[in-house]
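Residue strings, one per chain:
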Amino acid sequence: QVQVVESGGGLVQPGGSLRLSCAASGSIFSIGNMAWYRQAQGKARELVAVITSGGITDYGDFVKGRFAISRDNDKNTVYLQMNKLQPEDTAVYYCNVVEIVVAGLDLDYWGQGTQVTVSS
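## Structural notes on the sheet that holds strand β8 (residues 77-82)
The antiparallel open sheet is built from four strands, whose spatial order is β1-β3-β8-β7. Of all strands in the sheet, those bounded by a partner on one side alone are β1 (2-7) and β7 (67-72). Going from strand to strand, the sheet's axes swing by 15° on average, the running direction of each strand aside. Inspection of the sheet shows β7 paired to β8 by six bridges, in the antiparallel sense. Looking at β8, one finds that Ile69 is bridged to Leu80.

Right, here's the structure in full:
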């Protein structure tokens, strides 16, 4: 069983920055991909960024260089640095962690989400 807890959300003005953290804990065998998703009011959940255990990253098209995902494997933690935030970035941000149990078997874990609100 793996627990995933996000932190770092809050209220920020347009053009501001936030740094989200997601820590995985519990009986962890091995962690594969770690990712951030978000879901705004009335919209579907969408991928923000993903990072592999080897550090390869991919981003949603809307990021356009504003966000950066990183991870600290020693701390089992993934981060999302968000810059130049705009009102359309307002959403609940969720962390997703893939646990690799054995070859060919993995489990997905989700955090409870952290609210990001961009407003004047």
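Having put the structure on the table, let's press on.
## Here's the deal with the packing of aromatic side chains
All chains considered together, the criterion is met by one aromatic pair. We note Arg45 situated over the ring of Tyr94; from NZ or CZ to the ring centre the distance is 3.9 Å. If you follow Arg45 out to its NZ or CZ, it ends over the ring of Trp110, 4.9 Å from the centre.

## Description of the environment of Ser119
Within the secondary structure, Ser119 sits in the segment after β11 (114-118). Accessibility expressed as a relative area gives 36% for Ser119, which makes it partly exposed. A C-alpha to C-alpha distance of 18 Å links Ser119 and Leu20, two positions 99 residues apart in sequence. Among all residues touching Ser119, those that are not within four sequence positions of it are Leu11, Val12, Gln13 and Pro14.

## Some points on unusual backbone geometry
Even without being a glycine, Asn76 presents a positive backbone phi close to 50°. If you trace the backbone, Asn76 turns up in the loop between β7 and β8. Under the relative-accessibility criterion, Asn76 is labelled partly exposed at 27%. Residues other than glycine seldom take positive phi values, yet Lys84 does so here, at roughly 50°. Along the chain, Lys84 turns up in the loop between β8 and β9 (91-102). Exposure remark for Lys84: the relative accessible area of 57% places this residue in the exposed category.

Basis of the calculations
Residues numbered from 1 in each chain as written. Predicted model: local features only at pLDDT ≥ 70, side-chain atom pairs only at ≥ 80, totals over all residues. Heavy atoms only, no water. Pairing = 2+ DSSP bridges. Helix = DSSP H or I, 4+ residues; strand = E, 2+ residues; numbered from the N terminus. Axes fitted to C-alpha atoms, helices over the stretch in contact; angles between N-to-C directions. Phe/Tyr/Trp six-rings, centres within 6.5 Å; stacked < 30°, edge-to-face > 60°. Lys NZ or Arg CZ within 6 Å of the ring centre and 35° of its normal. Buried < 20%, exposed > 50% of the residue type's maximum accessible area, 1.4 Å probe, protein only. Contact = heavy atoms within 4.5 Å.

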